[in-house]
Every structure is written in structure tokens, then in C-alpha cells.
Amino acid sequence: MNSVKLAPLLLIFVEVASKRSFTAAAKKLGLSKSAVSQQIKRLEKSTGQQLLMRNTRGVELTAVGKTLLARSELLSQQLSMTLIELDSAKTQPSGSFKVSIPPFFENDIIIPVLRQLSVEFPKIKPEVIVTGKWQDLIENNLDAAIFGGDLPDCDYRALSIGKVSEIFCASPRYIKQHGNLKSVKALVKHNFIATPWQHDNLQLFNNEQTDHIQVNIEHFAKANTLTTVREMILNDMGIALFPEFLAQPYLADRQMIRVLPEIQGRAWHFYFLHQYKSTKPIHVSRFYQLFNYYFNKSSAIN
């Protein structure tokens, strides 16, 4: 396949697939709906695969289409940022780029973000502060920060990234030894492992986050990192209220199981913070764009 000829088709496909609509994509691209439809047919013919399916609700992706979207989305975003950079005629960003992130965003999110950012802006020097605590941007000389929870009163710009929910997890061996939980009240009879931000008074919700209850439970063990909490779960030490997207790989291969599946902890809202009043520097905008992409990818896959 000729990659040069396919590139424009992929960009059109990304718009249709992202919006799940030929009409919305055509409006965004400034093309007719029929022209967009023809380009998608050309792409499907070139690849020999059906990528999209029309139905009464709009457009659905086939399994191959979902894979292609995941691979092509960054291409579209990178091209857009390149054109913005050329249009604004800005010099290549250089020097320190210092950001603060929560501990559990390291492996699957921040590392690929910084790897891609360094490819696009080779003159910057990334510096990462890993902490779950509030970091004032000015006091800590930060270009940006990712923060989860209730924002303190500040003048910084806060852009929403998404939410992370918590679920009760244990190892199969622990449940076999200690018995399954049939109600929240049974938690007091089990070894509860607390994460850094959890105390003896837990706020629990239904899966829709519409109803909540308070549960008082003395923790059996506590750790100041989620890595340690995860290892405690895997080594049959007890039950923990653990971030769902981090637990999913272990749930998939049955190293962990979800207990009390109708209950979860608080859904933590995460934000991208910066201090720029008008236009953000291009590498800061790109960092936010990439972080959003990998955050949503991690949540979707897991």
C-alpha cells in the first residue's frame, strides 16, 4: 500500500470514526458527505477491510476500525499541531519542561506522553515530579500539573481530563481462605488494606455514583504507594479499594477478583493545570493533548 496516498484517507477516517458521524466529519473537514463516504470506501478497498458500519444510531467501528483509529489518531493530532506551529511561526520550544503528576500515571501514561513529546520537541528537557499532593505551579516552578480530587482555590486554568473510579479487589486465594463478601457490613471481618488517601471512614457509592454510604472500618495495613498496595493484594494479604484502570489487567488474568461488585469508592476527577492566561505554548498544549489521549486509551483498553 502506498502510505503517501493513504495518509489523507486516514485523516478523513479519524474524523468520521472519532465523531461516529459522516455528517459531522464532513462539516469539520469542509467536504460534502458523499465525498467523505467515497474516501472511506477507497480506504476500505485499499486495506481490504471493513472499517465502519452504518446503523440507525450513526456509525459503529468494526474491530479492525477500532485498531486503526487507535493507530491513526495521533497522526491526525500531530499533523494539526505541526500546522499550528508553522502557522504561528514560533521558534522550537527549548529548555526545562517541568510537570507534576500523580504516582499511578507513570507507566502507561506519562512515559509514552513524554517519549512522543521529546520526539516532536527535541530541545525540551522533561522533568517529572511524582506526587499525589497539591503542587502550586508558581512556587514549584511547574509548567503544568495533573491533579486529582477537589481543586483548592487558585487562579490557575483547570482543564478536565476524566475520572478514575475505585473498586474492591482481592486475590482469589485470599477469598478462598477468608470467604467472599456478601455485603458492605462484612468488610469489618476482613483485612482491609488502605491506600495513601483512605482513612478508617470510607465513603462508598453505587456504580452510578448516585447514592453513597459511610462505612467505618479499621484498616489492617496501609501503604503510601499504590505499587505496594497492589503487591499486598496479589500476595493474599487482604482487600483494597483500588483504582479500576490499574486493577483491570490483573482482573483479566484472574490474579485479582472484584468483590462487592455493586459498590465502588469515590470517582476522582483529574485536571490539567496551567498558568497561561491566553495562548499556551505549543509544547504545553501538545502535552495536554497527548495526556488526554493516553489517559482515555488506558481507560478504554482496561
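Scroll up to find the structure this text is about.
Report follows, based on the coordinates.

So, how was this worked out
- Residues numbered from 1 in each chain as written.
- Predicted model: local features only at pLDDT ≥ 70, side-chain atom pairs only at ≥ 80, totals over all residues.
- Heavy atoms only, no water.
- Axes fitted to C-alpha atoms, helices over the stretch in contact; angles between N-to-C directions.
- Helix = DSSP H or I, 4+ residues; strand = E, 2+ residues; numbered from the N terminus.
- Parallel < 35°, antiparallel > 145°, perpendicular 65-115°, else oblique.
- Contact = heavy atoms within 4.5 Å.
- Nonpolar A, V, L, I, M, F, W, Y, C, P; charged D, E, K, R; others polar.
- Buried < 20%, exposed > 50% of the residue type's maximum accessible area, 1.4 Å probe, protein only.
- Arc of directions from axis to C-beta.
- Polar contact = N/O pair within 3.5 Å; in protein donor to acceptor, adjacent residues only side chain to side chain.
- Salt bridge = Lys/Arg side-chain N within 4 Å of Asp/Glu carboxyl O.
- Pairing = 2+ DSSP bridges.
- Phe/Tyr/Trp six-rings, centres within 6.5 Å; stacked < 30°, edge-to-face > 60°.
- Lys NZ or Arg CZ within 6 Å of the ring centre and 35° of its normal.
- Core = buried A, V, L, I, M, F, W, Y, C linked by side-chain atoms within 4.5 Å.

## Some words on the packing of helix α2 (residues 22-29) against helix α3 (residues 33-47)
Between α2 and α3, whose axes approach to 8 Å, the crossing angle comes to 105°. With respect to each other, α2 and α3 are oriented roughly perpendicular. Counting all contacts with α2, which are made through Phe22, Thr23, Ala26 and Leu29, the residues of α3 involved are Lys33, Val36, Ser37 and Ile40. Grouping the amino acids of the contact of α2 with α3 by side-chain chemistry returns five nonpolar, two polar and one charged.

## Thoughts on α2
All buried positions along α2 are accounted for by Phe22, Ala25 and Ala26. Down the axis of α2, the smallest arc covering the buried residues is 100°, so these residues share one side. Exposed and facing more than 90 degrees away from the buried side of α2 are Lys27 and Lys28. Backbone nitrogen of threonine 23 and a side-chain oxygen of the N-cap are separated by 3.3 Å at the start of α2; the cap is serine 21.

## Structural notes on the pattern of salt bridges
Overall, the coordinates contain six salt bridges when judged by the stated rule. Its salt-bridge partner being lysine 19, residue glutamate 15 comes within 2.8 Å of it at the nearest N-O pair. Remark: lysine 19 and glutamate 15 occur in helix α1 (residues 3-19); sequence separation between them is four residues, near one turn of the helix. Judged by relative accessible area, glutamate 15 falls into the buried class, the value being 12%. Residue classification places lysine 19 among the partly exposed residues on the basis of a relative accessible area of 36%. Of the charged contacts, one joins arginine 266 and aspartate 150 as a salt bridge, the two residues approaching to 2.8 Å between their closest N and O atoms. With arginine 266 in the loop between β14 (263-264) and β15 (268-274) and aspartate 150 in the loop between β5 (144-148) and β6 (157-164), the pair connects residues that are 116 residues apart, well separated along the chain. Looking at arginine 266, the relative accessible area reads 24%, which means it is partly exposed. Overall, aspartate 150 belongs to the exposed group, its relative accessible area being 60%. Each of the salt bridges in this network shares a partner with another, and the network as a whole consists of Glu15, Lys19 and Lys28.

## Here we look at the pairing of β15
Summarising burial for β15: five of the seven residues are buried, a large majority. By the bridge criterion, four bridges tie β5 to β15 in an arrangement that is antiparallel. By the bridge assignment, alanine 145 is partnered in β15 with leucine 273. With seven bridges connecting them, β6 and β15 associate as antiparallel partners.

## Thoughts on the sheet that holds β15
One open sheet accounts for five strands, arranged β4-β3-β5-β15-β6; its pairing is mixed. At either margin of the open sheet sits one strand with a lone partner, and together these are β4 (124-130) and β6. Averaged over all pairs of adjacent strands, the angle between their axes in this sheet comes to 20°, without regard to strand direction. Where helix α5 (residues 106-120) meets the sheet, its contacts fall on β3 (95-101) and β4, and the angle it forms with β4 comes to roughly 165°.

## Details of the packing of aromatic side chains
Applying the stated criterion across every chain, the model contains 16 aromatic pairs. Here the aromatic rings of phenylalanine 104 and phenylalanine 270 are separated by 5.9 Å at their centres, their planes lie at 90°, and the arrangement is edge-to-face. Taken together, the positions of phenylalanine 104 in the loop between β3 and α5 and phenylalanine 270 in strand β15 put the pair 166 residues apart, joining distant regions of the chain. Each of the two residues, phenylalanine 104 as well as phenylalanine 270, counts as buried. These aromatic residues form a ring-pair network of at least three members: Phe97, Phe104, Phe105, Trp197, Phe245, Trp268, Phe270, Phe272, Phe287, Tyr288, Phe291 and Phe295. Here arginine 266 stacks its cationic end above the ring of tryptophan 268, 4.2 Å away from the centre of that ring.

## Describing the nonpolar core
Counting residues in hydrophobic clusters, the biggest one holds 46 residues, and the most contacted among them are Phe105, Ile146, Phe287 and Phe291. Here this core gets nine residues from one element, more than from any other, and that element is helix α9 (residues 282-301). Once you skip the residues sitting within four places of it in the chain, phenylalanine 291 turns out to touch Phe105, Ile109, Ile110, Val113, Ile146 and Ile161.

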